[in-house]
Amino acid sequence: MKKVYTIGEALIDFIPHEVDVSMSEVESFKKVPGGAPANVAATIAKLGGKSAFIGQVGEDMFGFYLKQVLAENRVDITHMLHTNKANTALAFVALKQGGEREFAFYRKPSADMLLEREYIKTITFTDNAILHFCSVSLIESEVKYAHIEAIKKVKEEAGLIVFDPNVRQNLWDDQVLYSQTIQEFIPYADILKVSDDELRFITGEDTEEEGINHLLSQSIKLLILTKGKEGVTFFIGKKKISVPGFVVQSIDTTGAGDSFIGAFLYQFSLMDKKLTDLTPDELVSMVTFANAVAAMVTTKNGAISALPTTKEVVNFVSGK
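Residues numbered from 1 in each chain as written. Predicted model: local features only at pLDDT ≥ 70, side-chain atom pairs only at ≥ 80, totals over all residues. Heavy atoms only, no water.

Caption draft 1: Region of the structure containing the overall build of the protein. Regarding its fold elements, the protein presents 10 helices and 13 strands. If you line up the protein on its principal axes, its C-alpha atoms span 50 × 45 × 40 Å. The burial tally for the protein puts 57% of its 320 residues in the buried class. When contacts within the protein are restricted to residue pairs at least 6 apart in sequence, those whose partners lie at least 24 apart make up 70%. Accessible surface computed for the protein: about 13900 Å², of which carbon and sulfur atoms make up 49%. Averaging the locations of the 33 positively and 42 negatively charged side chains of the protein gives two centres separated by 6 Å. (Helix = DSSP H or I, 4+ residues; strand = E, 2+ residues; numbered from the N terminus. Buried < 20%, exposed > 50% of the residue type's maximum accessible area, 1.4 Å probe, protein only. Contact = heavy atoms within 4.5 Å. Areas by Shrake-Rupley, 256 points an atom, 1.4 Å probe, with all protein chains shown as cover. Lys, Arg positive; Asp, Glu negative; His and termini not counted. Charge placed at Lys NZ, Arg CZ, Asp CG, Glu CD.)

Caption draft 2: Spotlight on the side chain of Thr233. Within the secondary structure, Thr233 is located in strand 12 (residues 232-236). Engagement of the side chain of Thr233 in a polar contact is seen with the side chain of Lys227, the distance being 3.5 Å. Here Ser242 takes part through its side chain, which lies 2.8 Å from a polar atom of the side chain of Thr233. Excluding its chain neighbours within four sequence positions, the residues that come into contact with Thr233 are Leu223, Ile224, Leu225, Lys227, Lys240, Ile241 and Ser242. (Polar contact = N/O pair within 3.5 Å; in protein donor to acceptor, adjacent residues only side chain to side chain.)

Caption draft 3: View of the sheet that holds strand 10 (residues 191-195). Here 9 strands make up an open sheet; going across it, the order is 5-4-1-8-9-10-11-12-13 and the pairing mixed. Bordering the open sheet on either side are strand 5 (80-83) and strand 13 (239-243), each of which pairs with just one other strand. For this sheet, the mean inter-axis angle between neighbouring strands, taken without regard to orientation, is 15°. Two strands pair when backbone bridges link them, and strand 11 (residues 222-226) and strand 12 are joined in this way by 5 bridges, in the antiparallel orientation. Across the sheet, the residue bridging to Leu222 is Ile236, located in strand 12. (Pairing = 2+ DSSP bridges. Axes fitted to C-alpha atoms, helices over the stretch in contact; angles between N-to-C directions.)

Caption draft 4: Region of interest: the packing of aromatic side chains. For the structure shown, the criterion picks out 13 aromatic pairs. Plain terms: the ring middles of Phe14 and Phe62 are 6.0 Å apart, the flat faces sit at 85° to each other, and that makes the pair edge-to-face. With Phe14 in strand 2 (residues 11-16) and Phe62 in helix 2 (residues 61-72), the pair connects residues that are 48 residues apart, well separated along the chain. Residues Phe14 and Phe62 agree in their burial class; the two are buried. (Phe/Tyr/Trp six-rings, centres within 6.5 Å; stacked < 30°, edge-to-face > 60°.)

Caption draft 5: Expanded view of the packing of helix 1 (residues 36-47) against helix 8 (residues 256-269). Helix 8 packs onto helix 1 with a crossing angle of 45° between their chain directions and a minimal axis gap of 8 Å. Between helix 1 and helix 8, the interaxial angle falls into the category oblique. When the axes of helix 1 and helix 8 are compared, the crossing they make is right-handed. Note on element contacts: helix 8 touches helix 1 through Asp258, Ser259, Ile261, Gly262, Ala263, Leu265 and Tyr266, opposite Ala36, Asn39, Val40, Thr43, Ile44 and Leu47. Here the residues of the contact of helix 1 with helix 8 are counted per class, giving 8 nonpolar, 4 polar and 1 charged. (Parallel < 35°, antiparallel > 145°, perpendicular 65-115°, else oblique. Left-handed = near helix turned anticlockwise from the far one by under 90°. Nonpolar A, V, L, I, M, F, W, Y, C, P; charged D, E, K, R; others polar.)

Caption draft 6: Quick look at the pairing of strand 2. The buried fraction of strand 2 is high, at 6 of 6 residues. Of the two faces of strand 2, the one carrying Leu11, Asp13 and Ile15 and the one carrying Ile12, Phe14 and Pro16 are both buried. Looking at chain direction, strand 2 and strand 3 (residues 29-34) are connected through 6 bridges and run antiparallel. What sits directly across from Ile15, in strand 3, is Lys30.

Caption draft 7: Seen up close, the packing of helix 8 against helix 9 (residues 280-297). As a packed pair, helix 8 and helix 9 sit with axes 8 Å apart at the nearest point and diverge in direction by 145°. When you trace helix 8 past helix 9, the crossing you get is right-handed. Contact with helix 8, carried on its side by Ala256, Ser259, Phe260, Ala263, Phe264, Tyr266, Gln267 and Phe268, involves Leu283, Ser285, Met286, Val287, Phe289, Ala290, Asn291, Val293, Ala294 and Val297 of helix 9 and no other residues of that element. The class makeup of the residues in the contact of helix 8 with helix 9 is 14 nonpolar, 4 polar and no charged.

Written as structure tokens, this is what we have:
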């Protein structure tokens with residue numbers, strides 16, 4: 001079985017008790033674990049795969065809570081560090097009807113941003129390693145260079161690199177620099193996952209077709225375009241295949257994309273195959289499973305706490 005390493009932020013999401021009101025009108029919040037890389041690692045482990053989280057949290061109650069949650073979900077936390085130089089990142093969320101979100105982040109800087117490149121040099125990867133990362137931690141800080149070191153080490157071992165930009169524009173003051181930074185990291189990726197509403201920002205192209213063609217001109221092996229409840233279209237080789245999503249009563253889309261890519265990587269980690277050896281039928285099956293996981297997550301609040309088991313996903317897909 002391949003092992004999936006995720007690198008980046010683990011943080012606290014504060015989910016509102018009130019729905020369909022602005023952030024300033026929310027009166028109370030519920031604390032839940034979050035952070036895209038942490039969500040992905042938890043998804044893989046909850047489904048039965050092997051995952052490890054590489055990152056840093058504060059020496060505070062939130063940091064110890066996050067570490068406990070990931071451990072309880074069977075994520076390898078060997079490389080989850082604590083620092084007293086900054087606090088654990090916080091994200092306050094406002095929810096609209098249908099689960100769409102508004103974010104306010106407390107992260108200037110936060111503990112995750114101080115993860116050092118020198119620590120990554122001590123981690124040993126193998127050719128069975130899969131490294132997943134997002135763009136939030138590519139802001140100019142120590143953690144950006146920790147990412148570069150991790151990517152370099154995994155590539156040296158012929159492991160697989162997975163990039164999900166997971167765009168959060170309000171975390172960057174310079175939007176042009178943000179888009180350029182994402183573009184700079186795309187060539188590292190074997191798998192690139194983007195959502196349809198991120199295409200224009202990432203590529204600078206006006207239409208979906210132009211954006212996709214721009215990304216396909218890169219050296220990536222598999223492009224995954226997610227479209228929310230409309231499903232997913234993936235591109236591999238010269239093939240373009242669309243897989244429908246599942247219709248559910250969504251209340252919170254936080255972590256849906258993370259659980260999708262986590263579920264996809266979980267299935268790939270079980271296979272004794274290279275990415276380019278996967279058949280279209282195998283990919284459709286993997287994407288259908290991942291779509292189901294993402295749909296199920298949106299029916300509950302919280303990304304990690306909403307994760308289903310493999311048995312629950314199988315029953316959901318079969319209509320039981």
